[in-house]
Amino acid sequence: FKHQQISRTIGTDSKGNTVTVNNRYPADLLSGTATTTGNAVIDTMLNRNMQAALIESSMSVSGTEGLSGTFTKNGELTNYKLLPNKAVKVDKKQSLRVGTLINNFAPVTINAGVLKTDTRYNQVISMDAYDANSNLLQYTARNASSVAILWDYNKQQPIAEVNNAAVSDVAYTS
């Protein structure tokens, strides 16, 4: 599996530091010449040619304030899940926000079929529930209450967003 996505961009910031953004996609999680990862979700994405689904993006800086080496400044991770209807949808998004630059960032890998991520990632939002049509029914942002989404017009259009409620707590008739 090969993809045509931008995996790395390198630039220079206003202070003269080299800034590198590394992006990882499903095919980047393959080991060597392997064609599967052992992870059901990532393997499904590969088999469906979901090459543009970004798994992780991290930004590193080198030449920073006289320090030698490369330091990670931030990162974003998107976890996906396989729904009962076999659709692949976003499970949660996580963010690596560190107060200082770090030199021991661990990019996402797969070990024995399990996604391994840097332990400093914090959840930003979770997509808690989807319906049989793969419509998002409920999400929860970090440090916030759940938000339920109601769908109608043959489950093609969202008709309401209910704050501070789980989808199981909301009812309506059309």
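Residues numbered from 1 in each chain as written. Predicted model: local features only at pLDDT ≥ 70, side-chain atom pairs only at ≥ 80, totals over all residues. Heavy atoms only, no water.

## Side note on the overall build of the protein chain
Part 1 of the argument: The helix and strand tally for the protein chain stands at 1 helix and 11 strands.
Part 2 of the argument: Counted from the first residue to the last, the protein chain has its helices and strands arranged as β-β-α-β-β-β-β-β-β-β-β-β.
Part 3 of the argument: Projected onto its principal axes, the C-alpha coordinates of the protein chain cover approximately 65 × 40 × 25 Å.
Part 4 of the argument: In the protein chain, buried positions account for 41% of the 174 residues.
Part 5 of the argument: Of the contacts made within the protein chain by residues no fewer than 6 positions apart, 43% connect residues no fewer than 24 positions apart.
Part 6 of the argument: Only carbon and sulfur atoms are counted for the fraction: they give 47% of the accessible area of the protein chain, which is about 10200 Å².
Part 7 of the argument: Charged side chains of the protein chain number 16 positive and 13 negative; the gap between the two group centres comes to 5 Å. (Helix = DSSP H or I, 4+ residues; strand = E, 2+ residues; numbered from the N terminus. Buried < 20%, exposed > 50% of the residue type's maximum accessible area, 1.4 Å probe, protein only. Contact = heavy atoms within 4.5 Å. Areas by Shrake-Rupley, 256 points an atom, 1.4 Å probe, with all protein chains shown as cover. Lys, Arg positive; Asp, Glu negative; His and termini not counted. Charge placed at Lys NZ, Arg CZ, Asp CG, Glu CD.)

## Quick look at the pattern of salt bridges
Part 1 of the argument: All chains considered together, the criterion is met by 2 salt bridges.
Part 2 of the argument: The residue Asp91 makes a salt bridge to Lys81 at a minimum N-O spacing of 3.6 Å. Of this pair, Asp91 sits in strand E5 (residues 88-102) while Lys81 sits in strand E4 (residues 70-82), and the two are 10 residues apart along the sequence.
Part 3 of the argument: Note that Asp118 is salt-bridged to Arg120, the shortest N-O span being 2.9 Å. (Salt bridge = Lys/Arg side-chain N within 4 Å of Asp/Glu carboxyl O.)

## Describing helix H1 (residues 40-47)
The periodicity of an α-helix, 3.6 residues per turn, causes residues three or four places apart in sequence to face the same way.
Part 1 of the argument: In terms of burial, H1 is largely enclosed, as 6 of its 8 residues are buried.
Part 2 of the argument: Considered for burial, the residues of H1 that qualify are Val41, Ile42, Asp43, Thr44, Met45 and Leu46.
Part 3 of the argument: Check the buried side of H1 and you find it contacts E4, E5, strand E6 (109-111) and strand E7 (114-116).
Part 4 of the argument: Looking one or two residues past H1, Asn49 carries a phi angle of roughly 60°, positive in sign.

## Overview of the nonpolar core
Part 1 of the argument: Ile42, Met45, Ile55, Tyr80, Met127 and Tyr139 are the most contacted members of the largest nonpolar core, which has 31 residues in total.
Part 2 of the argument: Contributions of two or more residues to this core are made by H1, E4, E5, strand E8 (122-130), strand E9 (136-141) and strand E10 (146-152).
Part 3 of the argument: Residues within four places of Met45 in sequence aside, it is in contact with Pro26, Met50, Ala53, Ile55, Tyr80 and Val88. (Core = buried A, V, L, I, M, F, W, Y, C linked by side-chain atoms within 4.5 Å.)

## Section: the packing of aromatic side chains
Part 1 of the argument: Evaluated as defined, the whole model comprises 1 aromatic pair.
Part 2 of the argument: Geometrically, the ring pair formed by Phe105 and Tyr121 is edge-to-face, given 6.3 Å between the ring centres and 70° between the ring planes. Taken together, the residues Phe105 in the loop between E5 and E6 and Tyr121 in the loop between E7 and E8 connect sequence positions 16 residues apart.
Part 3 of the argument: Residue class for Phe105 comes out buried when judged on its relative accessible area of 15%. (Phe/Tyr/Trp six-rings, centres within 6.5 Å; stacked < 30°, edge-to-face > 60°.)

## Concerning unusual backbone geometry
Part 1 of the argument: Its identity as a non-glycine residue notwithstanding, Tyr153 has a phi of 55°, on the positive side.
Part 2 of the argument: The topology assignment puts Tyr153 in the loop between E10 and strand E11 (157-163).

## Some remarks on the confidence of the model for the protein chain
Part 1 of the argument: Looking at the protein chain as a whole, the pLDDT averages 93, with 97% of positions reaching at least 70.
Part 2 of the argument: The secondary-structure element of the protein chain with the lowest mean pLDDT is E5, recorded at 92, while E9 shows the highest, at 98. (pLDDT = per-residue confidence, 0-100.)

## Description of the sheet that holds E8
Part 1 of the argument: Judged by pairing direction, the sheet is antiparallel, and its 9 strands sit side by side in the order E1-E2-E3-E4-E5-E8-E9-E10-E11 without closing on themselves. Two strands close off the open sheet at either side, each with one partner strand: strand E1 (8-12) and E11. Strand-to-strand, the axes of this sheet are offset by a mean angle of 15°, without reference to chain direction.
Part 2 of the argument: Looking at chain direction, E8 and E9 are connected through 5 bridges and run antiparallel. In the strand pairing of E9, Ala129 is matched with Gln138. (Pairing = 2+ DSSP bridges. Axes fitted to C-alpha atoms, helices over the stretch in contact; angles between N-to-C directions.)

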